[in-house]
Amino acid sequence: MLHYESKKVENCFSGANVYEYRLDIRLDEEYIESLGLTGEIHYYRKFPRPFFQVTFTDGTQVKGIINATIIKVVFPDMSIEPQQKFEKLLAAMLQKKLCR
């Protein structure tokens, strides 16, 4: 069972592969940290709507508002492999969080 919905997002950068994911949970810092196990995390807590950015080693970037249910993911190229890899990680993390 998937615990998220995804859709391709139109953007002004040609060649950018951007998707929006709506999750069944709010992304608290504990969950964000678990995403960071395979990437580098940056927090921007002093903004009016604190947000985060995770950059994975393959170039995939995840951005979102802390404690929100929506993230945007920019994949490094148009191939399906980075997206499949990310969605597998996301599904496993969501399943783990929801089974607590």
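In case you missed it, the structure is sitting above this.
A brief report on the enclosed structure follows. (Residues numbered from 1 in each chain as written. Predicted model: local features only at pLDDT ≥ 70, side-chain atom pairs only at ≥ 80, totals over all residues. Heavy atoms only, no water.)

Looking now at the overall build of the protein. Secondary structure assignment for the protein yields 2 helices and 6 strands. In the protein, the succession of helices and strands from N to C terminus is β-β-α-β-β-β-β-α. Against the compact-globule benchmark of 13 Å for 100 residues, the protein has a radius of gyration of 13 Å, which places it among compact chains. When the backbone C-alpha atoms are referred to their principal axes, the protein occupies close to 35 × 35 × 25 Å. Taking the intrachain contacts of the protein between residues at least 6 apart in sequence as the baseline, contacts between residues at least 24 apart amount to 43%. A total accessible area of about 6400 Å² is found for the protein, and carbon and sulfur atoms account for 55% of it. Distance between charge centres in the protein, computed from 14 positive and 13 negative side chains, equals 5 Å. (Helix = DSSP H or I, 4+ residues; strand = E, 2+ residues; numbered from the N terminus. Rg over C-alpha atoms; globule rule 2.2 N^0.38 Å. Contact = heavy atoms within 4.5 Å. Areas by Shrake-Rupley, 256 points an atom, 1.4 Å probe, with all protein chains shown as cover. Lys, Arg positive; Asp, Glu negative; His and termini not counted. Charge placed at Lys NZ, Arg CZ, Asp CG, Glu CD.)

What you see with strand β5 (residues 61–65) is a clean split: V62 and G64 sit on the buried side and Q61, K63 and I65 on the side with no burial. Looking at chain direction, strand β4 (residues 51–56) and β5 are connected through 5 bridges and run antiparallel. Within β5, the residue paired with F51 across the bridge is I65. Where β5 lies against strand β6 (residues 70–75), 4 bridges are found, and the strand directions are antiparallel. When the bridges of β6 are listed, K63 appears paired with K72. Connecting β5 to the antiparallel partner β6 that follows it, the hairpin turn spans 4 residues, and N67 within it adopts a positive phi of roughly 70°. (Buried < 20%, exposed > 50% of the residue type's maximum accessible area, 1.4 Å probe, protein only. Pairing = 2+ DSSP bridges.)

Below, the discussion takes up unusual backbone geometry. One non-glycine residue, N67, adopts positive backbone phi at about 70°. Within the secondary structure, N67 sits in the loop between β5 and β6.

This part is about the pattern of salt bridges. Close approach of charged atoms lets side chains of opposite charge pair. Scanning the entire structure with this criterion turns up 2 salt bridges. Ionic pairing is found between R22 and E20, a salt bridge with its closest N-O pair at 3.6 Å. As a salt-bridge pair, R45 and E29 come within 2.8 Å of each other at their nearest N and O atoms. Placement of the pair is R45 in the loop between β3 (39–44) and β4 and E29 in helix α1 (residues 29–35), with a sequence separation of 16 residues. A residue is classified by how much of its surface remains accessible, and E29, at 32% relative accessible area, is partly exposed. (Salt bridge = Lys/Arg side-chain N within 4 Å of Asp/Glu carboxyl O.)

The next thing to look at is the packing of aromatic side chains. A full pass over the atoms with the stated rule returns 8 aromatic pairs. Seen in terms of ring centroids, F56 and F86 are 6.2 Å apart; in terms of plane orientation they differ by 70°. Their pairing is edge-to-face. Residue F56 is found in strand β4, and its partner F86 is found in helix α2 (residues 81–98); the two are separated by 30 residues along the sequence. Judged on exposure class, the residue F56 and its partner F86 are both buried. Within the aromatic cluster, the residues linked to one another by ring pairs are Y4, Y19, Y21, F56, F75 and F86. Note that R45 overlies the ring of Y43, its terminal NZ or CZ placed 4.1 Å from the centroid. (Phe/Tyr/Trp six-rings, centres within 6.5 Å; stacked < 30°, edge-to-face > 60°. Lys NZ or Arg CZ within 6 Å of the ring centre and 35° of its normal.)

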